[in-house]
Amino acid sequence: MFSNVKKLQDGRIEIKADLYDVINDVAKKAGNIDDAADRLLQVYIQDGTLHIQLQKER
């Protein structure tokens, strides 16, 4: 899921992650959903909360 973690010169830490892997991981843990990235309609962050909207099951 996380492809790269590095410390920047000013001391900050940068983490790069594949968003589709993150979505699949969250959906699996939160609702036992296996194909979330394939059903993705919208993803956004509001007030520090990740919102993932999916199409209904096929």
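Look above for the structure.
Residues numbered from 1 in each chain as written. Predicted model: local features only at pLDDT ≥ 70, side-chain atom pairs only at ≥ 80, totals over all residues. Heavy atoms only, no water.

A. Up close: the pattern of salt bridges. Overall, the coordinates contain five salt bridges when judged by the stated rule. Notably, a salt bridge pairs Glu14 with Lys6, separated by 3.8 Å at the nearest N-O pair. Residue Lys6 is classed as partly exposed on the basis of its relative accessible area of 38%. Residues Lys28 and Asp34 are paired through a salt bridge, measuring 2.7 Å at the closest nitrogen-oxygen approach. (Salt bridge = Lys/Arg side-chain N within 4 Å of Asp/Glu carboxyl O. Buried < 20%, exposed > 50% of the residue type's maximum accessible area, 1.4 Å probe, protein only.)

B. Geometry of the pairing of strand β3 (residues 40-46). Direction of pairing for β3 relative to strand β4 (residues 49-54): antiparallel, over a ladder of six bridges. Bridging from a neighbouring strand, Leu40 pairs with Leu54 of β4. Hairpin remark: β3 followed by β4, antiparallel, with two residues in the connecting loop; positive phi at Asp47, about 50 degrees. (Pairing = 2+ DSSP bridges. Helix = DSSP H or I, 4+ residues; strand = E, 2+ residues; numbered from the N terminus.)

Spatial relationships are all this shows, so hold off on functional conclusions.
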